[in-house]
Every structure is written in C-alpha cells, then in structure tokens.
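Chain residues, written in single-letter form:
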Amino acid sequence: MSSLADSLVTWEEFLRLPERPENGIRYELHDGEVVIVPAPRPRHVKVQTQIQDLLRPLAAGRFVVPTEFPYRPAPNLQYWVADVACVLRAQWDALPPDQWPVCTPALIVEVLSPSNTPAKVSRQRVNAISGGTEEFWVVDADKRKVQVTDLSGAKLYGEDDTIVSAVLGGSIAVAEIFAV
C-alpha cells in the first residue's frame, strides 16, 4: 500500500481518478490521502470467500454479505473497501447505482494482507466504528486469529474459540474461517 499524492485530496478530486487501473490496483481515500491498494492474492480471496460463506446463513435475509464492499464512513476524505461486509438489507436496497453515499456496514471484516500495516488497520477500524459500524473483525490467517472490536472493546479469538456476533445474533467457530 502506498500513497499517490503529496497533499490531501477532497472527495471531488478523488472521484476524478481513474476508476480501475488496468493492473488491478485500486484506490482508497484515507483521511484525505489517496492510497494505492494492490489486488488481493489468492489466499486472501479464499479466506474472504470462506468468511462470506460462513456469515451468509447468519445474515438470514436481514443483511447482504458482499466482498470488496466500498464504503464511506464520513462525507469527505474517506473511501474504504471492506474485504467482507454485512450490510443491512434496507441500506443495501437504498444504495444508488452510480454513487457512493456516506454509509458504513454494520459488520466489517478486514483480512490482513502484506499491504496492511497496523496503523492502516487501526485507522480503518476507528473510521468505521466512528461512522456506525458495530463490529470490526481483523482476520490474521498467518496467526490463525481474529480480533473483534465493538463499542465495548476488543477481544482476540484463537483457533479453538467461537466468535459470537451481536450484530448477526449467531456464532462462528474460528477454525472454520481457516478451513480453506
């Protein structure tokens, strides 16, 4: 992950960037800084898909569970892409087809990749929860651990643990996340 500009960029300036460079790299806007995010590697995609498959039954029609979901937790200077998200069905249905409104998913999952730094993940978590996200999961496939942050704090889960999601009203065994 690297920065594209030497100065802060507004939302309107960010929108003028090319939508998708030919090499698969995408842009995010972190507190006004344009950040280049490389395409995910196969392992990352497999873990994302596994999490999506595990969350969908818990969503039970109340939520849509997309991968690579773009969201804006604040009106200016913010544009992030969640690896996996749980978006309320009504919020999903209200999304305009060609715009990125200010909204945050109820649950965001970030699968760590080589481009993630602790500072980037912390920044994303703070922005998401400040914008209304109720649970923010950080999945570390190398360590086979998941950190879940909500308004009451953070908890680290290991492979023998089960995550109970207050948002979804159900649970997932951490070992199932890494069964890919």
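Criteria and thresholds
Residues numbered from 1 in each chain as written. Predicted model: local features only at pLDDT ≥ 70, side-chain atom pairs only at ≥ 80, totals over all residues. Heavy atoms only, no water. Pairing = 2+ DSSP bridges. Helix = DSSP H or I, 4+ residues; strand = E, 2+ residues; numbered from the N terminus. Salt bridge = Lys/Arg side-chain N within 4 Å of Asp/Glu carboxyl O. Buried < 20%, exposed > 50% of the residue type's maximum accessible area, 1.4 Å probe, protein only. Core = buried A, V, L, I, M, F, W, Y, C linked by side-chain atoms within 4.5 Å. Contact = heavy atoms within 4.5 Å. Phe/Tyr/Trp six-rings, centres within 6.5 Å; stacked < 30°, edge-to-face > 60°. Expected span 1.5 Å × (residues − 1).

### Some details on the pairing of strand S10 (residues 153–157)
Next, step 1: Of the pairings in the sheet, the one linking strand S9 (residues 145–150) to S10 comprises 5 bridges and is antiparallel in character. Counted as the bridge partner of Val-146 is Tyr-157 from S10.

### Some details on the pattern of salt bridges
Any two side chains of opposite charge can pair if their charged atoms end up close together.
Next, step 1: Tallied over the full model, the rule gives 8 salt bridges.
Next, step 2: Residue Arg-123 pairs with Asp-31 through a salt bridge whose shortest N-O separation is 2.7 Å. Taken together, the positions of Arg-123 in helix H4 (residues 118–130) and Asp-31 in the loop between strand S2 (26–30) and strand S3 (33–37) put the pair 92 residues apart, joining distant regions of the chain.
Next, step 3: Across the pair Asp-93 and Arg-89 runs a salt bridge whose closest N-O atoms are separated by 3.8 Å. Pair noted here: Asp-93 and Arg-89 are both in helix H3 (residues 89–94), with a separation of 4 residues, about one helical turn.
Next, step 4: Assessed through its relative accessible area of 53%, Asp-93 is described here as exposed.
Next, step 5: For Arg-89, a relative accessible area of 36% corresponds to the partly exposed category.
Next, step 6: Put simply, Arg-26, Glu-28 and Glu-68 are held in one network by salt bridges that share partners.

### Remarks on the nonpolar core
Next, step 1: Ile-51, Leu-55, Val-109, Trp-137, Val-139, Val-146 and Ile-177 are the most contacted members of the largest nonpolar core, which has 27 residues in total.
Next, step 2: Going through the elements one at a time, helix H2 (42–59), strand S6 (78–88), strand S7 (107–111), strand S8 (135–140), S9 and helix H5 (174–177) are the ones with two or more residues in this core.
Next, step 3: At 6 residues, H2 tops the list of elements feeding residues into this core.
Next, step 4: Among all residues touching Leu-55, those that are not within four sequence positions of it are Val-65, Val-84, Cys-86, Leu-107, Val-109, Trp-137, Leu-168 and Ile-172.

### Here's the deal with the packing of aromatic side chains
Next, step 1: This structure, assessed with the given rule, holds 6 aromatic pairs.
Next, step 2: Geometrically, the ring pair formed by Phe-14 and Tyr-79 is tilted, given 5.2 Å between the ring centres and 45 degrees between the ring planes. Taken together, the positions of Phe-14 in helix H1 (residues 11–15) and Tyr-79 in strand S6 put the pair 65 residues apart, joining distant regions of the chain.
Next, step 3: Classification of Tyr-79 by relative accessible area gives buried; the value is 10%.
Next, step 4: Aromatic rings pair up to connect Trp-11, Phe-14, Tyr-79 and Trp-100 into one cluster.

### A closer look at H4
Next, step 1: Here H4 is 13 residues long and its end C-alpha atoms lie 18 Å apart, about the 18 Å a rise of 1.5 Å per residue gives.
Next, step 2: For H4, every residue scored as buried is listed here: Lys-120, Val-121, Gln-124, Arg-125, Asn-127, Ala-128 and Ile-129.
Next, step 3: Gly-132 occupies a position one or two residues after H4 and carries a positive phi of about 120 degrees.

### What about H2?
A turn of α-helix holds 3.6 residues, and therefore any two residues three or four places apart point the same way.
Next, step 1: Across its 18 residues, H2 extends 25 Å between first and last C-alpha, which sits within 8% of the 26 Å expected from 1.5 Å per residue.
Next, step 2: When we look at burial in H2, the residues that qualify are His-44, Val-47, Gln-48, Gln-50, Ile-51, Gln-52, Leu-54, Leu-55, Leu-58 and Ala-59.
Next, step 3: Directly after H2, the chain includes Ala-60, whose backbone phi takes a positive value near 45 degrees.

### Details of the environment of Ser-130
Next, step 1: Secondary-structure assignment places Ser-130 in helix H4.
Next, step 2: The class for Ser-130 is exposed, based on a relative accessible area of 63%.
Next, step 3: The sequence separation of Ser-130 and Glu-176 amounts to 46 residues, and the corresponding C-alpha distance is 29 Å.

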